[in-house]
Amino acid sequence: MLEGLLTGLATALTPINIVMVCVGVFAGTFIGMLPGLGPISAIALMIPITYSFEPASGLILMAGVYYGAVFGGSTSSILINAPGIAGTVATAFDGYPLAQAGKAGKALAIAAYSSFAGGTIGAVLLLVAAPALAAVSLSFQSAEYFALMVMGLTAVSAFAGKGQFLKGMLMTVLGVMLSTVGMDNSTGIQRFTFGQLDLVEGLSFLLLAMATFALSEALMTTLKPDETSDSAEAPGQIDFGSLKVSKAELREIAPSVGRSSVLGFFIGVLPGAGATIASFLAYACEQALAKGHARRQFGKGSLRGLAAPETANNAASTGSFVPLLTLGIPGSGTTAVMLGALISYGIQPGPRLFVEHPEVFWSVIVSMYLGNVMLLILNLPLIPYIARLLAMPKPFLIPFILFFSLIGVYLVSFNNFDIYLMVGFAGFALVFRLLDFPMAPMLLGFVLGGLLEENLRRALLISDGELSFLWTRPITLTILIITVIVLLLPLVRSGRNL
Amino acid sequence: MTKNRVGALVMLTLSIAYGAMALNLPQAPGMEASGVTPASLPIALSVFGIVIAVLVFILPGRSGGDDSVIATFKGLRWRRIGYLFLLMTGYGLAIKPFGFFMSTTLFLGGGFRIMGERRLKMILPISIAVTVVFWFALTRLLSVYLEPGVLRFLESN
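Residues numbered from 1 in each chain as written. Chains lettered and ligands numbered in written order. Predicted model: local features only at pLDDT ≥ 70, side-chain atom pairs only at ≥ 80, totals over all residues. Heavy atoms only, no water.

Topic: the overall build of chain B
Helix and strand counts for chain B stand at seven helices and zero strands. Looking at chain B as a whole, 38% of its 157 residues are labelled buried. Considering only contacts within chain B whose residues lie at least 6 apart along the sequence, 62% involve residues at least 24 apart. Here chain B displays about 8,800 Å² of accessible surface, and carbon together with sulfur accounts for 70% of that area. (Helix = DSSP H or I, 4+ residues; strand = E, 2+ residues; numbered from the N terminus. Buried < 20%, exposed > 50% of the residue type's maximum accessible area, 1.4 Å probe, protein only. Contact = heavy atoms within 4.5 Å. Areas by Shrake-Rupley, 256 points an atom, 1.4 Å probe, with all protein chains shown as cover.)

Describing a nonpolar patch on the surface
All names here are of chain B. A grouping of Leu23, Ile43, Val47, Val51, Val54, Leu55 and Ile58 is seen on the molecular surface, where their side chains present a nonpolar patch of about 580 Å² in accessible area. The greatest single-element share of the nonpolar patch, amounting to six residues, is contributed by helix H2 (residues 40-58). Structurally, the position occupied by leucine 23 is in helix H1 (residues 3-23). (Patch = residues over 30% accessible without salt bridge, like charges linked within 9 Å, V, L, I, M, F, W, Y side chains within 5 Å. Salt bridge = Lys/Arg side-chain N within 4 Å of Asp/Glu carboxyl O.)

Quick look at H1 of chain B
For H1 of chain B, built from 21 residues, the straight-helix expectation of 30 Å at 1.5 Å per residue is met to within 8% by its first-to-last C-alpha distance of 30 Å. Every buried residue of H1 of chain B is accounted for by Lys3, Asn4, Gly7, Ala8, Met11, Ser15, Tyr18, Gly19 and Ala22 of chain B. In a view along the axis of H1 of chain B, the buried residues occupy a sector of 115°, so they form one face of it. For H1 of chain B, the elements touching its buried residues are helix H8 (165-179) and helix H19 (416-434) of chain A together with H2 and helix H3 (69-73) of chain B. (Expected span 1.5 Å × (residues − 1). Arc of directions from axis to C-beta.)

Describing the packing of helix H18 (residues 394-413) of chain A against helix H4 (residues 78-94) of chain B
Packed helices, taken two at a time, are described by the angle between their axes plus the distance between the axes. Contact pair H18 of chain A / H4 of chain B: the axes reach a minimum separation of 11 Å and the direction vectors enclose 35°. In this structure, H18 of chain A crosses over H4 of chain B, and the sense of that crossing is right-handed. Contact residues: Leu402, Phe403, Leu406 and Ile407 of chain A in H18 of chain A; Leu84, Met88 and Tyr91 of chain B in H4 of chain B. Within the contact of H18 of chain A with H4 of chain B, the residues separate by chemical class into seven nonpolar, no polar and no charged. (Axes fitted to C-alpha atoms, helices over the stretch in contact; angles between N-to-C directions. Left-handed = near helix turned anticlockwise from the far one by under 90°. Nonpolar A, V, L, I, M, F, W, Y, C, P; charged D, E, K, R; others polar.)

Overview of the interface of chain B and chain A
On the side of chain A, 61 residues touch chain B, which itself brings 71 residues to the contact. Here chain B and chain A share an interface that buries about 5,800 Å² over both sides, 82% of which is from carbon and sulfur atoms. For the pair chain B and chain A, the interface holds zero salt bridges. Counting every contact that joins chain B to chain A gives eight residue pairs in polar contact (both at pLDDT 80 or more). Looking at the side of chain B that touches chain A, the element that brings in the most residues is H1 of chain B, giving 12 residues. (Buried area = accessible area lost by both parts, 1.4 Å probe. Polar contact = N/O pair within 3.5 Å; in protein donor to acceptor, adjacent residues only side chain to side chain.)

A few points about the confidence of the model for chain A
Residue and element names in this part refer to chain A. Looking at chain A as a whole, its pLDDT mean stands at 81, while 90% of the residues score no less than 70. Mean pLDDT values for the elements of chain A range from 73 in helix H16 (residues 351-356) up to 93 in H19. Across residues 228-233, where pLDDT falls below 50, the model places 10 contacts with residues more than four positions away in sequence or in other chains. (pLDDT = per-residue confidence, 0-100.)

Thoughts on the packing of helix H6 (residues 104-137) of chain A against helix H10 (residues 247-269) of chain A
Residue and element names in this part refer to chain A. The contact between H6 and H10 brings their axes to 9 Å, and the two run at 40°. Overall, the two elements H6 and H10 adopt an arrangement that is oblique. Relative to H10, H6 is oriented so that their crossing is right-handed. Contacts from Lys106, Ile110, Tyr113, Ser114, Ala117, Gly118, Ile121, Gly122, Leu125, Leu126 and Ala129 in H6 reach Glu249, Leu250, Ile253, Val257, Ser261 and Phe265 in H10. Considering only residue class, the contact of H6 with H10 consists of 11 nonpolar, four polar and two charged. (Parallel < 35°, antiparallel > 145°, perpendicular 65-115°, else oblique.)

Quick notes on the pattern of salt bridges
Residue and element names in this part refer to chain A. Applying the stated criterion to the full structure yields 12 salt bridges over all chains. Close ionic contact of arginine 473 with glutamate 144 constitutes a salt bridge, the shortest N to O distance being 2.8 Å. In this pair, arginine 473 sits in the loop between helix H21 (469-472) and helix H22 (474-494) while glutamate 144 sits in helix H7 (residues 142-158), placing the two residues 329 residues apart along the sequence. The class for arginine 473 is partly exposed, based on a relative accessible area of 26%. Taking the shortest distance from any N to any O, the salt bridge between arginine 191 and aspartate 184 comes out at 3.8 Å. Overall, arginine 191 belongs to the buried group, its relative accessible area being 3%. For aspartate 184, a relative accessible area of 3% translates into the label buried. Through salt bridges with shared partners, a single ionic network connects Asp184, Arg191, Glu453 and Arg457.

If you want it as structure tokens, here you go:
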């Protein structure tokens, strides 16, 4: 492990990769602060840029963007009560009241320190958990992988939220359907191409991610006139107050930070659970543990109420890299985007990544920590200035986002057809967002679809076309039993409201 | 009709169409006897899609709030969105014949105008400046080829 860690340090600490972390964290914070744009859009916008880099540098940039975007989302939650992503909704419960009381600087500082602590503890746990899990999963074969893919796909829907389970499943199925477009690698038969040569290679992951997230989120912001129309200009005019946090305040939040880090990390490791559930659980946990006056402060500007979800969402972000790096299973929409990017670099995450590309594996782990350091030393002092950038009026901001999305995809293929496809998918995503259908499961289904089919075929080939591999292999059976339990969770949780 | 039902109906239609196409996929030579063919997964997906879409359609949705699709779609800026979609499609059509520089300037300028910016003294300089910076970064710093389009004569000079 020490050797790997040194390899990671050597890769992550090269000047170019340090620049990547800085740029990633800064760009992520800026994009994450924009109402409506979350980490998935932020990372998707960065992918075309990363194509010209080494895989390690590209992944380091994306990891920085991820952290920055999560922190940026917290910033808009605190300053204007407009969480960019679901994972920072709980941050607004106490962060916004603090900002209203003239303590925006203090709230941002606590959010940054908590994120740093959550990320640090998460990175240490990742350092221990990832190689151990990777070593175990080296014994996995196609059957186990197939079962894991099934678990990953169902878990995302299971944790999608109340009333979202079936819709999540439906979108997952749609994603897998989209992954079947193009030439079948095993037989050379074209599927669902409608005779279009442009579709023979299949749909581009980048195109789908950009259309369903960056483009449709920007269009969604334009479509709804009242919610955030003027708020993008607000942060530039806020009085931030002091960024200082007293020792007594740090002592007050320390136990919450410790608990929420561990809780957040383990929830992040679960496929599909992610930062949103982690932040709400950590908030609820701290509220339940608080007594008397401290408890009454929750929702009115409690420091513990702010620190807990901030710590947990960052620790969960780190935790979600465990299944991605060790099993090749993305646990969230964000890590699905990263998996798609890695596959397009020609790298297949999973236990072999640990063996074949140790520099990528370890440098990502090291850069997680660097990202947190940068967030603290670079972003916190710059927040008032980044917030002023948001004073950019919406009439200019939205066309820029549309332009970057379109040109990002066009520059990869130089094919107009991709622009038309993007416009079509963006329209579809816009309507389905309005109908309250989640988009992340679709992207996950698309990314995992190809691997799912490949592993199913291989497993069937090994077992002479018999499905018995599903119950005769102990690990496969165990994973499938867990999948069934995960599937039954929403039934128990929400009764008929699936 | 509720949002869930409209979404479910769309997905049901898609799943049925997808399944019909999957049934007509050609068989690969020698694959007939094996357990899995290029159509196996698509057919299974189609069945899953149909079953889940029917479940979404018949099961009650979340209680509370206005779930009506008309209420959801009413009062939104559809005209502005329509113009933006036309603008994006137009960008796809224009980028090769008109070239990167001209089509991007027009795209950005058009986008600013659609989004409500009226001042030409803001629209023109910003759209041209952003295009120039982007063009310079791509062609000169990253050595990416961009179509000159109607400005080809400048390149030949």
